[in-house]
Amino acid sequence: MLEIAVLSLFLLCLILCVAFSVNVVYALLFGFICFFIYALTQKFTVKETISLCIDGIKGVKTILIVFSLIGALTALWRAGGVIAYIINVATKIIQPNFMILCCFLLCGLLSVLTGTAFGTAATMGVICMMIANSMGINPVISAGAILSGSFFGDRCSPMSSSATLVSELTGTDIYSNISKMIKTSVVAFVLSCIFYTAIGFTASGSAISTTSPAIFEQSFNLVFWCIIPAVIIIAMCIMRVNVKLAMLSSIIVSIFVCIFCQNMSLADVIRTMISGYSADPSLPVGTMLNGGGFTSMINVMLIIIISGTYSSIFKNTRLLDGLKNLMVKISEKTTPFTATVVGAIITNMFACNQSLAVILTKQLCDSVEPDSEKMAINLENSAIVIAPLTPWSIASAVPLTSVGMDGRGVIFAVYLYLLVITNIVESFINKRKEQNESAQSN
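Residues numbered from 1 in each chain as written. Predicted model: local features only at pLDDT ≥ 70, side-chain atom pairs only at ≥ 80, totals over all residues. Heavy atoms only, no water.

**Details of the overall build of the protein chain**
Next up, step 1: From N to C terminus, the protein chain includes 22 helices and zero strands.
Next up, step 2: For 442 residues, the compact-globule formula gives about 22 Å, and the C-alpha radius of gyration of the protein chain, at 22 Å, lands near that figure.
Next up, step 3: Referenced to the eigenvectors of the C-alpha coordinate spread, the extents of the protein chain come out at roughly 65 × 55 × 45 Å.
Next up, step 4: Intrachain contacts of the protein chain at a sequence separation of at least 6 include 78% that bridge at least 24 residues.
Next up, step 5: A total of about 18,400 Å² of accessible surface is found on the protein chain, and carbon and sulfur atoms cover 67% of it.
Next up, step 6: Each charge sign in the protein chain was given a centre, from 23 positive and 20 negative side chains, and these centres are 3 Å apart. (Helix = DSSP H or I, 4+ residues; strand = E, 2+ residues; numbered from the N terminus. Rg over C-alpha atoms; globule rule 2.2 N^0.38 Å. Contact = heavy atoms within 4.5 Å. Areas by Shrake-Rupley, 256 points an atom, 1.4 Å probe, with all protein chains shown as cover. Lys, Arg positive; Asp, Glu negative; His and termini not counted. Charge placed at Lys NZ, Arg CZ, Asp CG, Glu CD.)

**Some remarks on the pattern of salt bridges**
Next up, step 1: In the structure shown here, the tally under the stated rule is three salt bridges.
Next up, step 2: For the salt bridge of arginine 271 with aspartate 268, the shortest nitrogen-to-oxygen distance reads 2.4 Å. Linking arginine 271 with aspartate 268, this pair stays in helix α14 (residues 266–275), spanning three residues, or about one helical turn.
Next up, step 3: Its salt-bridge partner being lysine 362, residue aspartate 366 comes within 2.8 Å of it at the nearest N-O pair.
Next up, step 4: A relative accessible area of 15% means that lysine 362 is categorised as buried. (Salt bridge = Lys/Arg side-chain N within 4 Å of Asp/Glu carboxyl O. Buried < 20%, exposed > 50% of the residue type's maximum accessible area, 1.4 Å probe, protein only.)

**Examining a nonpolar patch on the surface**
Next up, step 1: A surface patch of nonpolar side chains, amounting to about 620 Å² of accessible area, comprises Leu12, Leu16, Phe20, Val22, Tyr26 and Leu29.
Next up, step 2: Those elements that place two or more of their residues in the nonpolar patch are α1 (2–19) and α2 (24–41).
Next up, step 3: Its place among the elements puts leucine 16 in helix α1.
Next up, step 4: With a relative accessible area of 42%, leucine 16 lands in the partly exposed category. (Patch = residues over 30% accessible without salt bridge, like charges linked within 9 Å, V, L, I, M, F, W, Y side chains within 5 Å.)

**Remarks on unusual backbone geometry**
Next up, step 1: Even without a glycine there, the phi angle at lysine 43 is positive, about 75°.
Next up, step 2: Relative to the elements of secondary structure, lysine 43 occurs in the loop between α2 and α3 (46–58).
Next up, step 3: Lysine 43 sits in the exposed class, given a relative accessible area of 75%.
Next up, step 4: Look at asparagine 263: it is not a glycine, yet its phi comes out positive at around 55°.

**So, the packing of aromatic side chains**
Centre distance and the angle of the planes are the two values used to describe a pair of aromatic rings.
Next up, step 1: Under the defined criterion, the tally for this structure stands at 16 aromatic pairs.
Next up, step 2: Aromatic side chains phenylalanine 104 and tyrosine 196 sit 5.3 Å apart centroid to centroid with 45° between the ring planes, which places their arrangement in the tilted category. Of the two residues, phenylalanine 104 sits in helix α6 (residues 99–114) while tyrosine 196 sits in helix α10 (residues 174–202), which places them 92 residues apart along the sequence. Comparing phenylalanine 104 with tyrosine 196, the two get one shared label, buried.
Next up, step 3: On the basis of an interplanar angle of 65° and a centroid distance of 6.0 Å, the ring pair of phenylalanine 224 and tryptophan 225 is categorised as edge-to-face. Per residue, the accessibility class of phenylalanine 224 equals that of tryptophan 225, and both read exposed.
Next up, step 4: Taken together, Phe104, Phe152, Phe189, Phe195, Tyr196, Phe412 and Tyr415 form an aromatic cluster joined through their ring pairs. (Phe/Tyr/Trp six-rings, centres within 6.5 Å; stacked < 30°, edge-to-face > 60°.)

**Points about the environment of alanine 27**
Next up, step 1: Among the secondary structure elements, alanine 27 is positioned in helix α2.
Next up, step 2: Judged by relative accessible area, alanine 27 falls into the buried class, the value being 0%.
Next up, step 3: Counting along the chain gives 10 residues from alanine 27 to cysteine 17, while the straight-line C-alpha distance between them is 6.6 Å.
Next up, step 4: Setting aside chain neighbours within four positions, we find alanine 27 in contact with Phe10, Cys13, Leu14, Cys17 and Tyr310.

**So, the environment of glutamate 168**
Next up, step 1: As for its position among the elements, glutamate 168 is in helix α9 (residues 161–170).
Next up, step 2: Residues glutamate 168 and threonine 197, spaced 29 residues apart in sequence, show a C-alpha to C-alpha distance of 37 Å.
Next up, step 3: In this view, glutamate 168 contacts Thr62 and Ile63; residues no more than four positions away in its chain are not counted.

**Concerning the nonpolar core**
Next up, step 1: Formed by 144 residues in total, the largest nonpolar core has its most connected members in Phe35, Trp77, Met99, Met124, Phe216 and Met247.
Next up, step 2: Once residues within four sequence positions are removed from consideration, methionine 99 is found in contact with Ile94, Cys128, Ile131, Ala132, Met135 and Ile137. (Core = buried A, V, L, I, M, F, W, Y, C linked by side-chain atoms within 4.5 Å.)

**A few points about helix α13 (residues 243–260)**
Next up, step 1: Helix length check: α13 (18 residues) gives 26 Å between terminal C-alpha atoms against 26 Å at 1.5 Å per residue, within 8%.
Next up, step 2: Buried within α13 are the following residues: Val243, Ala246, Met247, Ser249, Ser250, Ile251, Ser254, Ile255, Val257 and Cys258. (Expected span 1.5 Å × (residues − 1).)

**Side note on the confidence of the model for the protein chain**
Next up, step 1: Across the protein chain, the average pLDDT comes to 84, with 95% of residues at or above 70.
Next up, step 2: For the protein chain, per-element mean pLDDT is lowest for helix α11 (residues 211–219), which scores 73, and highest for α14, which scores 94. (pLDDT = per-residue confidence, 0-100.)

If you want it as structure tokens, here you go:
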């Protein structure tokens, strides 16, 4: 009974924060206090409970380092013209009938390169929406394609904070996870491309605006060297170099690109790495590419730190045992992946942010799927992509707001739906095969 009361208090605080647009960190801090007190009621001393919290934070220290590198890297890519170069080239080759498909593919490409759905939506997403609107395409459709593409890379990029979070939580290799993620997404990706192509031919279209590429050419010195930091990331990831080393290498090259290609001073570069890129308002690009930097990651790092304490407290106090048992029953009647999807839906309904939803889903479904590699893929194909389908989650609200769309944008985020559905179907097929093989062997 006490467990239900504690969880209900936490969920109520989360709901109030979302309803009144209060930073979810406050709800998480309130939750921390609730769970800390709960641990004390379970015969843990204050010292022991603090030790549990410290152990939880130690478990996410690698994630915090990666997040710091991501913040610095995305800022330098903005300032150095890396993102501008990619967008400038891509938007010049778009054909009107394939605009919706291009929204999906271009955002998918940039999200793989940067590993950030938010950054992709705020850059490539804004450009794609601007071009689609000028062609008279329904913005709800465009927003859905952009949301799908933005989370394509957020799910399977070696630079993705969510992919790093899953690999650290499950103790698995991120490159091995990415390989499996690609395999499990092929059907959903192909079907999504077919859908967006078909709907693109039914949407009204006109000549592509030449204004969008021009604003980047006027704001940056877009020379070939601008693309090198992105090439380095791709090459080192293909060679399976440690993701932190790959990011650090790209950061170093990006610093030279900023200095020699965009004429920035070293002091400006350091300032950009810390506080993010801020364009001169007089430039044609305006504030479109602003963002990144270490400070931009502070809020999500706080979420990860607090959530890390949750993970340790939940594990040692058995607070979630009731829900865990429910997940086991669902798994027995269906499949482990289906149970993980149910758990992910529950956690995303209340967590309001992707990171906490992933951590809580992992906690709920640990006993459902003991294989760490399978659990990693299950999380990637459930909690990670269900978050942007939850309109009140920041994983959905932030990208859609960036492109000027409300929660209706999730309607046409078909890749995210299909990824979950196709993997549920595959899990039932695999279960049936295993049952048949077991019956034949007996």
